[in-house]
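# A closer look at the structure
One-letter residues, chain by chain:
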Amino acid sequence: MAEMDASPFSLISLEDELTCSICLSPFDCPVTIPCGHNFCQDCLLATWKDSYSCPQCRTHFATKPELKKNTVLSTVVETFNLRTSKSEASLIAEESKAEKEDAIRCDTCMEAEASQTCLTCMASFCEEHLRPHRENPTYRLHQLSQPLGDLSERICPDHYKLMELFCSQHSRPICSLCLQQVHKGCSFISPEEQRNLKELGLRDKLGLLDGKIEMTETVVLHINDTQSKLKDAATKRKTTLAAVYQQMRDMLDQEERQAQHDVDHELDICQRNLRDHMKRLTDNTVKMTKAKEQIYSLLNQSQTLAFLQASPDFKATKFKDPSAPRITLDSKKVTATQAFAALLKEHLTEMLKQPVEARLLILKPELKTEIVASEVTKPPKPKRQPRSHSPGRPLINPLFQPVPGQTYSFMGSQAGWNPPQYVQGQPPGSYQGPLFMPGQNTSKTRQKAPQCSRRKCAKLLSILQPQKIKPTRHHP
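Residues numbered from 1 in each chain as written. Predicted model: local features only at pLDDT ≥ 70, side-chain atom pairs only at ≥ 80, totals over all residues. Heavy atoms only, no water.

## A few points about helix H6 (residues 191–299)
Here H6 spans 155 Å end to end across 109 residues, near enough to the 162 Å set by a 1.5 Å rise per residue. Residues Ala259, Asp262, Glu266, Ile269, Cys270, His277, Asn284, Ala291 and Leu298 constitute the buried set of H6. Looking at the buried positions of H6, the neighbouring elements they touch are helix H7 (304–309) and helix H8 (332–352). (Helix = DSSP H or I, 4+ residues; strand = E, 2+ residues; numbered from the N terminus. Expected span 1.5 Å × (residues − 1). Buried < 20%, exposed > 50% of the residue type's maximum accessible area, 1.4 Å probe, protein only. Contact = heavy atoms within 4.5 Å.)

Structure representation (structure tokens):
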């Protein structure tokens, strides 16, 4: 029991075990039924009307079980209720004690709670000791306020007077003597007015913070939306890339199948040629065997006259000399296919070693020209001379300027075509002719402009048309 008293909260952890599952309250006259569960006697009898079963495990009993009070459990429940009431009482006492400690006491009796504080006497008084301030005319001018507990903090450390003013210039509370000496000439207000100003400033800051928080939340929502859009865009890009690479794999597979088919076709041709050559050799062997048999039969002839009269059909030129054919798979098509596969592999290997930006320039060199043209800075504008030194009207832009476009490599070799000459370091398309000077008559220049005849235009169009290249046939 001594150990249980030393730990008053040791039974609180058993609150769930000491609670009736029917009324959800601590047991009141607990009884135990045959299945082993405990209930309040009144709660259990209230559930047993038509049948007898356990409200917790639903075990059915044929007859009404005999109920007996569980004395041990009843003692534990009583101890639990006692400890719980004691703990609640101790908590209430501690709260009331804390409230009493926080209360401001009378500076005269040091016991009763102070009702008001005199800012002139710098002391707090209860109702009993506050009577002289209310009844005696001598204390009529004393300033009374609500009870204040921080009087020592309101006293000026230099003059030991109440700091009832606030210096706006130095941002600190001051007393009346400070205003006459150290803070002479400074602007001052009351602490209440300074509090109001500070509250206004803090409210403005709160409004600013609320606005920034709202903006931040909007930006966060926008970022979340951007993240979802980026994920969708990334998914679409990945799908597109997968489709493109799958198409390339399909094309490579088809190319591989075609190359394998070409090799198989060439193998069939070579094997057919070898079979034809072997058939000719076999026929030649059969003929030579027959001739050999005729010669043997003639040699076996015993009669000289018949031997001399016999004339076998044997000519050396009739039988061809056997030779091994030189048949290989190194036909033009097979060799070209194998060389193309090796070069394609080498080209892809070298290209994949480069970064993606460099790969684009390798595949499309015209992109480099476009990038360089976009990066060329505009020429600086000439400084305008003052009016006193101006010889005449301002410069006039030239009427005809060549438009920059794609350059064809075959134009320079055609007759009748003179490609424009450009100054080193100057981009194509810039005008290289003479500039119009101020005061120059432009009507003559406009009259001297060359006009392209129909014949020249037709010839120029025939040059610009792409040349048709006839495909060459490769024979195996």
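## Focus: the packing of H6 against H8
The geometry of H6 relative to H8 is characterised by a closest axis approach of 9 Å and an angle of 150° between their N-to-C directions. Judged on the interaxial angle alone, H8 and H6 are roughly antiparallel. Pair H6 / H8 crosses with left-handed handedness. Contacts between H6 and H8 involve Leu252, Glu255, Ala259, Asp262, Val263 and Glu266 on the former and, on the latter, Lys333, Val334, Thr337, Phe340 and Leu344. Taken together, the residues of the contact of H6 with H8 break down into 6 nonpolar, 1 polar and 4 charged. (Axes fitted to C-alpha atoms, helices over the stretch in contact; angles between N-to-C directions. Parallel < 35°, antiparallel > 145°, perpendicular 65-115°, else oblique. Left-handed = near helix turned anticlockwise from the far one by under 90°. Nonpolar A, V, L, I, M, F, W, Y, C, P; charged D, E, K, R; others polar.)

## What to know about the nonpolar core
In terms of nonpolar packing, the biggest core is built from 15 residues, with Cys20, Phe27, Ile33, Phe39 and Leu44 touching the most fellow members. Elements supplying a minimum of two residues to this core: strand E2 (38–40), helix H2 (41–47) and helix H3 (71–102). Element by element, the count of residues in this core is highest for H3, at 3 residues. In this view, Phe27 contacts Glu17, Leu18, Thr19, Cys20, Asn38, Phe39, Cys40, Leu73 and Val77; residues no more than four positions away in its chain are not counted. Counting residues in hydrophobic clusters, the runner-up holds 9 residues, among them Cys156, Leu165, Ile174 and Cys178. (Core = buried A, V, L, I, M, F, W, Y, C linked by side-chain atoms within 4.5 Å.)

## Notes on a nonpolar patch on the surface
Taken together, the side chains of Leu241, Val244, Tyr245, Met248 and Met251 make up a nonpolar region of the molecular surface, amounting to roughly 480 Å² of accessible area. Turning to its location among the elements, Val244 is positioned in helix H6. With relative accessibility at 38%, the residue Val244 sits in the partly exposed group. (Patch = residues over 30% accessible without salt bridge, like charges linked within 9 Å, V, L, I, M, F, W, Y side chains within 5 Å. Areas by Shrake-Rupley, 256 points an atom, 1.4 Å probe, with all protein chains shown as cover. Salt bridge = Lys/Arg side-chain N within 4 Å of Asp/Glu carboxyl O.)

## Quick look at the environment of Ser51
Structurally, the position occupied by Ser51 is in the loop between H2 and strand E3 (52–53). Using a relative accessible area of 37% as the deciding quantity, one classes Ser51 as partly exposed. Sequence separation between Ser51 and Lys64 is 13 residues; the distance between their C-alpha atoms is 8.4 Å.

## Focus: the confidence of the model for the protein chain
The predicted structure's coordinates, where accompanied by low pLDDT, should not be read in detail. Considering every residue of the protein chain, the mean pLDDT works out to 75; 71% of them sit at 70 or more. When mean pLDDT is compared element by element in the protein chain, H6 scores highest at 91, while helix H1 (residues 2–6) scores lowest at 42. For the stretch residues 1–9, pLDDT sits under 50, and the model shows 7 contacts to residues farther than four places along the chain or on other chains. Note that residues 466–476 has pLDDT below 50 and, in this model, 3 contacts with residues that lie over four places away or in other chains. (pLDDT = per-residue confidence, 0-100.)

## Examining the packing of aromatic side chains
Counted according to the given criterion, the structure contains 1 aromatic pair. Aromatic pair Trp48 and Tyr52: ring centres 5.7 Å apart, planes at 90°, arrangement edge-to-face. Judged by its relative accessible area of 25%, Tyr52 is partly exposed. (Phe/Tyr/Trp six-rings, centres within 6.5 Å; stacked < 30°, edge-to-face > 60°.)

## With respect to the state of the cysteines
As enumerated under the stated definition, the model contains 0 disulfides in all. Free of any disulfide, Cys106 has its nearest neighbouring cysteine sulfur in Cys126, separated by 3.7 Å. Take Cys106: its relative accessible area is 0%, and that puts it in the buried class. (Disulfide = S-S within 2.5 Å.)

## A short note on the sheet that holds strand E8 (residues 165–167)
The antiparallel open sheet is built from 3 strands, whose spatial order is E9-E8-E10. Each of the sheet's edge strands pairs with one partner strand only, and the pair in question is strand E9 (172–174) and strand E10 (188–189). In this sheet, E10 lies alongside E8 in antiparallel orientation, the contact comprising 2 bridges. Considered in E10, the bridge of Phe166 is made with Ile189. (Pairing = 2+ DSSP bridges.)

## Quick look at the pattern of salt bridges
The final tally for this structure, using the stated rule, is 8 salt bridges. One salt bridge connects Glu135 with Arg131, and the closest N-O pair in it is separated by 3.5 Å. Of this pair, Glu135 and Arg131 both sit in helix H4 (residues 131–135), 4 residues apart, roughly one helical turn. Under the relative-accessibility criterion, Arg131 is labelled partly exposed at 42%. Here Lys229 makes a salt bridge to Asp225, at a shortest N to O gap of 3.6 Å. A residue pair is termed a helical-turn pair when its members lie 3 or 4 positions apart in one helix, as Lys229 and Asp225 do in helix H6 at 4 residues. The class for Asp225 is partly exposed, based on a relative accessible area of 35%. If you follow the salt bridges from partner to partner, you end up with Glu128, Arg131 and Glu135 in one network.

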